[in-house]
2 protein chains.
Amino acid sequence: MSRYRFERAEALAFLQSLDDASVDAVITDAPYSSGGATRGDRMSNTTLKYVHTGTILERPEFAGDNRDQRAFGYWCALWLSEALRVARAGSPICVFADWRQVPTVTDAIQAGGWVWRGIVPWDKGPAARPSMGRFSSRCEYVVWGTSGASLDLESVGCLQGLVHCHQTTDDKHHMVGKPTPVMQHLVKICPPAGIVLDPFAGSATTGVAALLEGRRFVGCELTEAYYGIGLDRLEACAQGVSLEAYRAGQRPLFG
Amino acid sequence: MSRYRFERAEALAFLQSLDDASVDAVITDAPYSSGGATRGDRMSNTTLKYVHTGTILERPEFAGDNRDQRAFGYWCALWLSEALRVARAGSPICVFADWRQVPTVTDAIQAGGWVWRGIVPWDKGPAARPSMGRFSSRCEYVVWGTSGASLDLESVGCLQGLVHCHQTTDDKHHMVGKPTPVMQHLVKICPPAGIVLDPFAGSATTGVAALLEGRRFVGCELTEAYYGIGLDRLEACAQGVSLEAYRAGQRPLFG
DNA sequence: TGTAGGTATGAATCCGACT
DNA sequence: AAGTCGGATTCATACCTAC
């Protein structure tokens, strides 16, 4: 039996298709809808917004990154509340946010019925986005909580509330993808052999991390290109081979 | 002329006594009113609230740490709005918060008329308060912003948006005091030779850091015991001697 | 002065017992 | 019942003591 299940689907619809209390942790990186101050900025070509000037990395656009602040909060509360139903009582949840979205996400997570338990900064290192006369934005944040007040996490040790890891292009399969070591750290909050859910899986880094740490994975991704990359990465990981080796194996050797 | 001014006063009253546009930065650590889910926990003896059970740390209590969430936000907006008047246009502001108060402080800073510009985590190191099955609370947070939209910070270089510093016993003069190196880093956001304001000065670590970094200082503290400690530290720093040496000099050698 | 080993500590949180 | 109280728990590091 496969240790993962990955589908091409819209997040809310996918969540609705899952049974009550059928997963042990939710770990995800929902589209931030951050960046531009004006609606025009947010609606503009999303592909270019995230790439460093001068280096055009060809990555597919991704959907759902153009909501305003209020709509973003409302939409988060919607899927978070559906995720609560799907999660076993006592399950932990981790949601990424940049500094601008932290208050909205902490509100939304609570509006969705989860108990907010803290913030885990992800430190991207000193190189990240220096700018004159201000504090650099070198951190992103993981807002975390649990389903219900009582913790069911005795099986899990004490985890550090800060992750250091700078992003290498090597490990970057999605435009705003998170490094695998960061996800491996977060995944440890899920009880061993438990099921990790990621309804915004992208290139499935959460899933790869879950498999590497001995957890199982359930997730979905809407954008076709990312879904394809994610599927390859998951299968390569499940077979214990590199992505390149796996893909080479998929191609007919003698065309 | 003295490079600092430190008074025993209540914060809001002190702020009201200051002239418009008379300081160049606001850097402060207001009482969090956090820690404790119930009103009783928050209202309980502050001396015991923050220390390990069974060990009594001999430090004076401090005032104003018992507001509920809503009152805390309202009160912050009040003094923040008064601080905005006192700050020159373009001045930066830094306010400490623990994870629980971050959203309230980001709201309050904006309600007070400031432009919110980011979050700077202070990492206390891996030793901080572990507990089973959770991410440790090893960070506190500095919410920062500016007076008005246009930054007037060209005189200041690029500052790191994360501070690592473990609290040492030597450098801890207040029950919840911040390490001097942390404050030295923050104080650099103030233009050189500018005036740093701290209306919740406690043992005046902000002031000491300001002097060490070549800035001037204006502040107040309500609790008498901390006011006394702060005054000694500032004067010792201004004279370029250690706190112990300064205090020894104050005592008559032959009683 | 240096190293090794024991102890104390932390802006905490949980849970059962009690009012 | 909902709210409150108090004891027990967690571990990496700093600090202290002994050699």
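Note that the structure is a prediction, hence the values are computed from the model and not measured.

Caption draft 1: How the structure looks around the interface of chain B and chain A. Across the contact, 39 residues belong to chain B and 39 residues belong to chain A. Summing both sides of the interface, chain B and chain A together bury roughly 3400 Å²; the carbon and sulfur share of this comes to 66%. Looking only at chain B, the three residues that lose the most surface to chain A are Trp99(B), Arg134(B) and Phe135(B), adding up to 23% of its buried area. Our count for the contact surface shared by chain B and chain A stands at zero salt bridges. In this assembly, chain B and chain A are joined by 12 residue pairs in polar contact (both at pLDDT 80 or more). Where the side of chain B that touches chain A is concerned, the elements lending two or more residues are helix H5 (102–111), strand E4 (115–123), strand E5 (139–146) and helix H6 (180–187) of chain B.

Caption draft 2: Here's a closer look at the packing of helix H6 (residues 180–187) of chain A against helix H7 (residues 205–212) of chain A. Residues and elements named next belong to chain A. Here H6 crosses H7 at 60 degrees, and the two axes come no closer than 8 Å. Relative to H7, the element H6 is oriented oblique. Handedness of the crossing formed by H6 with H7: right-handed. In this structure, H6 uses Thr 180, Met 183, Gln 184 and Val 187 to contact H7, whose residues at the interface are Thr 205, Thr 206, Val 208, Ala 209, Ala 210 and Leu 212. Taken together, the residues that form the contact of H6 with H7 break down as six nonpolar, four polar and no charged.

Caption draft 3: Geometry of the relation of the copies chain B and chain A. If you rotate chain B by 180 degrees and push it 0.0 Å along the axis, it lands on chain A with an RMSD of 0.1 Å. Such a combination of turn and shift is consistent with a two-fold rotation axis. Of the C-alpha atoms belonging to chain B, the one lying closest to the rotation axis is found on Pro103(B), 2.3 Å away.

Caption draft 4: Seen up close, helix H5 (residues 102–111) of chain A. Extensive coverage of H5(A) is indicated by the burial of seven of its 10 residues. Within the sequence span of H5(A), burial applies to Val102(A), Pro103(A), Thr104(A), Val105(A), Thr106(A), Ala108(A) and Ile109(A). For H5(A), the secondary structure elements touched by its buried residues are helix H4 (69–86), strand E3 (92–97), strand E4 (115–123) and strand E5 (139–146) of chain A together with H5 and E4 of chain B. Two residues or fewer past H5(A), Gly113(A) is found with a positive phi of approximately 100 degrees.

Caption draft 5: Representation of the pairing of strand E8 (residues 216–221) of chain A within the structure. Residues and elements named next belong to chain A. Counting buried positions along E8 gives five out of six residues, so the element sits mostly inside the fold. Pairing between strand E1 (residues 4–8) and E8: five bridges, direction parallel. The partner of Arg 5 across the bridge, within E8, is Val 218. Across four bridges, the pairing between strand E7 (residues 195–198) and E8 is parallel.

Caption draft 6: Inspection of the confidence of the model for chain A at higher detail. A residue-level look at chain A finds 80% of positions with pLDDT of 70 or above and a mean pLDDT of 85. Contacts for the low-pLDDT stretch residues 35–64 of chain A, under 50 throughout, to residues beyond four places or in other chains number 50 contacts.

Caption draft 7: Focus on the environment of Val176(B). Residues and elements named next belong to chain B. Along the chain, Val 176 falls in the loop between strand E6 (163–164) and H6. C-alpha of Val 176 to C-alpha of Arg 59: the two residues are 117 residues apart in sequence and 9.8 Å apart in space. Once residues within four sequence positions are removed from consideration, Val 176 is found in contact with Asp 29, Tyr 50 and Phe 62.

Caption draft 8: Broad picture of unusual backbone geometry. The backbone of Ala21(A) sits at a positive phi, close to 45 degrees, despite the residue not being glycine. Take Ala21(A): it is sitting in the loop between helix H1 (11–16) and strand E2 (25–28). On the basis of relative accessibility, which here comes to 42%, the residue Ala21(A) falls in the partly exposed class. Phi at Ala204(B) is positive, roughly 65 degrees, even though this residue is not glycine.

Caption draft 9: Expanded view of the sheet that holds E8(A). Residue and element names in this part refer to chain A. Pairing within the open sheet is mixed, and its eight strands lie in the order E1-E8-E7-E2-E3-E5-E4-E6. In this open sheet, the two edge strands, each paired with only one partner strand, are E1 and strand E6 (163–164). Bridge count for E4 against E5 is eight bridges, and the pairing is antiparallel. Considered in E5, the bridge of Val 115 is made with Thr 146. Along the sheet, H5 contacts E3, E4 and E5; its crossing angle with E3, the most-contacted strand, is approximately 155 degrees. Helix-sheet contacts for H7 involve E1, E2, E7 and E8, and the interaxial angle to E8 is about 175 degrees.

Caption draft 10: Looking closely at the packing of aromatic side chains. Enumeration over the complete set of coordinates arrives at 19 aromatic pairs over all chains. Ring pairing ties together the aromatic residues Phe72(A), Trp75(A), Trp79(A) and Phe200(A), which thus form one cluster. For the cation-ring pair, Lys124(B) lies above Trp122(B), with the distance from its terminal atom to the ring centre recorded as 5.8 Å.

Caption draft 11: Region of the structure containing the packing of helix H8 (residues 224–239) of chain A against helix H9 (residues 243–250) of chain A. All names here are of chain A. At a minimum axis separation of 9 Å, H8 and H9 run at an interaxial angle of 100 degrees. Judged on the interaxial angle alone, H9 and H8 are roughly perpendicular. Counted together, Ile 229, Asp 232, Arg 233, Glu 235, Ala 236 and Gln 239 of H8 and Leu 243, Tyr 246 and Arg 247 of H9 form the full contact between these two elements. Among the residues making up the contact of H8 with H9, the classes are represented as four nonpolar, one polar and four charged.

Caption draft 12: Up close: the pattern of salt bridges. Tallied over the full model, the rule gives 20 salt bridges over all chains. A salt bridge links Glu7(A) to Arg5(A); the nearest nitrogen and oxygen atoms lie 3.0 Å apart. The partly exposed category is assigned to Glu7(A), whose relative accessible area is 31%. The partner of Arg85(B) in a salt bridge is Asp20(B), with the nearest N and O atoms 2.6 Å apart. Here Asp20(B) lies in the loop between helix H1 (11–16) and strand E2 (25–28) and Arg85(B) lies in helix H4 (residues 69–86), a separation of 65 residues in the sequence. If you follow the salt bridges from partner to partner, you end up with Asp29(A), Lys124(A), Glu140(A) and Lys178(A) in one network.

So, how was this worked out
Residues numbered from 1 in each chain as written. Chains lettered and ligands numbered in written order. Predicted model: local features only at pLDDT ≥ 70, side-chain atom pairs only at ≥ 80, totals over all residues. Heavy atoms only, no water. Contact = heavy atoms within 4.5 Å. Buried area = accessible area lost by both parts, 1.4 Å probe. Salt bridge = Lys/Arg side-chain N within 4 Å of Asp/Glu carboxyl O. Polar contact = N/O pair within 3.5 Å; in protein donor to acceptor, adjacent residues only side chain to side chain. Helix = DSSP H or I, 4+ residues; strand = E, 2+ residues; numbered from the N terminus. Axes fitted to C-alpha atoms, helices over the stretch in contact; angles between N-to-C directions. Parallel < 35°, antiparallel > 145°, perpendicular 65-115°, else oblique. Left-handed = near helix turned anticlockwise from the far one by under 90°. Nonpolar A, V, L, I, M, F, W, Y, C, P; charged D, E, K, R; others polar. Least-squares fit on C-alpha atoms with pLDDT ≥ 70 in both. Buried < 20%, exposed > 50% of the residue type's maximum accessible area, 1.4 Å probe, protein only. Pairing = 2+ DSSP bridges. pLDDT = per-residue confidence, 0-100. Phe/Tyr/Trp six-rings, centres within 6.5 Å; stacked < 30°, edge-to-face > 60°. Lys NZ or Arg CZ within 6 Å of the ring centre and 35° of its normal.

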